[in-house]
Amino acid sequence: MSNDKKIIYVDNNATTAVDPLVFEAMKPFLTEMYANPSSIHTFGGQVAKYIEVARESVASLIGANPKEIIFTSCGTESDSSAIYSALHLCPKKKKVVVSKVEHPAIIALGQELVRRGYKVEEAPVDSHGRIDMERLEELIDDDTAVVSIMWANNETGNIYPVEKIAKIAKKHGALFHTDAVQAVGKIDINLAESDIDMLSLSGHKLHAPKGVGALYVKRGVRFRPFLAGGHQERSRRAGTENVPSIVALGKACELARTYMKYENTHIKALRDKLEKNLLANIKSTKVNGDIENRLPNTTNISFEFIEGESILILLDRLGICASSGSACTTGSLEPSHVLRAMGVPYTAAHGAIRFSFSRYNTEAEVDYIIEQMPAIIERLRAISPFWEG
Ligand SMILES: *Cc1c(COP(=O)(O)O)cnc(C)c1O
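Residues numbered from 1 in each chain as written. Predicted model: local features only at pLDDT ≥ 70, side-chain atom pairs only at ≥ 80, totals over all residues. Heavy atoms only, no water.

1. Focus: the pairing of strand β10 (residues 298-303)
- Most of β10 is tucked away, with six of its six residues classed as buried.
- Burial of β10 is two-sided: the residues Thr 298, Asn 300 and Ser 302 facing one way and the residues Thr 299, Ile 301 and Phe 303 facing the other way are all buried.
- Sheet topology places strand β9 (residues 285-287) next to β10; three bridges connect them, and they run antiparallel. By the bridge assignment, Lys 286 is partnered in β10 with Ser 302.
- Bridge analysis of β10 against strand β15 (residues 352-356) gives five bridges, and the strand direction is antiparallel. Bridge pairing in β15 links Ser 302 to Ala 352. (Buried < 20%, exposed > 50% of the residue type's maximum accessible area, 1.4 Å probe, protein only. Helix = DSSP H or I, 4+ residues; strand = E, 2+ residues; numbered from the N terminus. Pairing = 2+ DSSP bridges.)

Below, the structure written as structure tokens:
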């Protein structure tokens, strides 16, 4: 860091800090353990063994068999691989069903598929971001190759009934994929008795480095590789394995299991304390999302009649890293597609801030944010043309 101002990092749904134990585990594979795991020599074989240890650890976190895990370069690659595989293997089917609140890794992929002549349907959500299950089922038909619905939403933290949706997809003869990048490591996942065919996860959302992910493909579900090349990953993902990051992902998954309870007690308590106090101390605020059915670490709060970006700038001056619900689209500040899909009014969608916690946050940090926020909001509302007190 170029300055020594203390950072309060509450943007853990964007990325997380690498756990020091994860860094320790991967280090040897950046230095002395550099052999190519596909090499015939003993050195290569020694390195290859650690990939298999990592695979067992990833599988174990989600209740899968190690054979069902394919290492990839990121969550985005896992998502694309899953959907393209399904489309290649069902060439007669031309339809993909997703939701309106998916991550850009799925939304933008859908737009690309439309350009390639596929039909992509987006299931709507209600004002709490919950999927309209009846409407979703109506969209799934004989022409549907794959249904892809996220396990948990990155902006609101909403958890979706993916097991139920997997059953619906199966009933209609479609494959089911879930982007579980935000769910893995935060909530219990057990694919042992599941109808989920494919699942994406990403290292950097659970304290492993950026640039590594995994795709679960259920045993018996056919899979067509995304990349052509060598026979790595049992011919399912070509390209020399990113051994240090794969080892790191394995370690991160092992640690995630030990922190699962902490996530749902301590981290949840921090989130709840922040949310409760901000709502109590600041007028015209509300939580976006499904309060009863959310990730334990996420809150998305609208501070009405002001701009989220302005709030972020003032927070940033205090060293507080959060995120707004908006994304900058072609120069104009559009509210996020997630909040728009939920029908959050313009004046609230623009002032949405996401706070997302991890095991590195402390109660003192939460107290500091609680202390600073009212003045920030008051200051911005004083100059807002929309605020009438
Ligand atoms: C971060 C994220 C991704 C993308 O993962 P990368 O590893 O950054 O490609 C996909 N889906 C969700 C829900 C995410 O939060």
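2. Details of empty space enclosed by the protein
- Counting across every chain of the model gives two cavities of 30 Å³ or more.
- There is about 120 Å³ of room inside the largest cavity.
- Along its surface, the largest cavity is lined by 15 residues, and Gly 185, Lys 205, Leu 206, His 207 and Glu 263 are the ones closest to its centre.
- Grouping the constituent residues of the lining of the largest cavity by class yields five nonpolar, six polar and four charged.
- Composition of the lining of the largest cavity by domain shows at least three residues from each of domain 1 (8-16 + 259-382) and domain 2 (20-255).
- Lining the second largest cavity are Ile 83, Val 96, Val 98, Ile 106, Leu 109, Gly 110 and Leu 113.
- Listed by contribution, the elements that provide at least two residues to the lining of the second largest cavity are β3 (95-99) and α4 (104-115).
- When residues in the lining of the second largest cavity are grouped by element, the largest group, four residues, is from α4.
- A class-by-class count of the residues in the lining of the second largest cavity yields six nonpolar, one polar and no charged. (1 Å grid on protein atoms, 1.4 Å probe; cavity = no way out; pocket = protein on both sides within 12 Å on 5 of 7 lines; lining within 4 Å. Points joined across faces, edges and corners; volume = space filled by probe spheres on them. Nonpolar A, V, L, I, M, F, W, Y, C, P; charged D, E, K, R; others polar. Domains from an automatic or database assignment.)

3. Some words on the pattern of salt bridges
- Counted under the stated rule, the structure contains 24 salt bridges.
- Salt-bridge contacts for Arg 115 lead to Glu 112; the nearest nitrogen and oxygen are separated by 2.9 Å. With Arg 115 and Glu 112 both in helix α4 and three residues apart, the pair spans about one turn of that helix.
- With relative accessibility at 62%, the residue Arg 115 sits in the exposed group.
- Classification of Glu 112 as partly exposed rests on a relative accessible area of 23%.
- A salt bridge links Asp 272 to Arg 271, with the nearest nitrogen and oxygen atoms 2.7 Å apart.
- What makes Asp 272 partly exposed here is its relative accessible area of 28%.
- When its relative accessible area of 3% is taken as the criterion, Arg 271 is described as buried.
- If you follow the salt bridges from partner to partner, you end up with Glu 52, Arg 55 and Glu 233 in one network. (Salt bridge = Lys/Arg side-chain N within 4 Å of Asp/Glu carboxyl O.)

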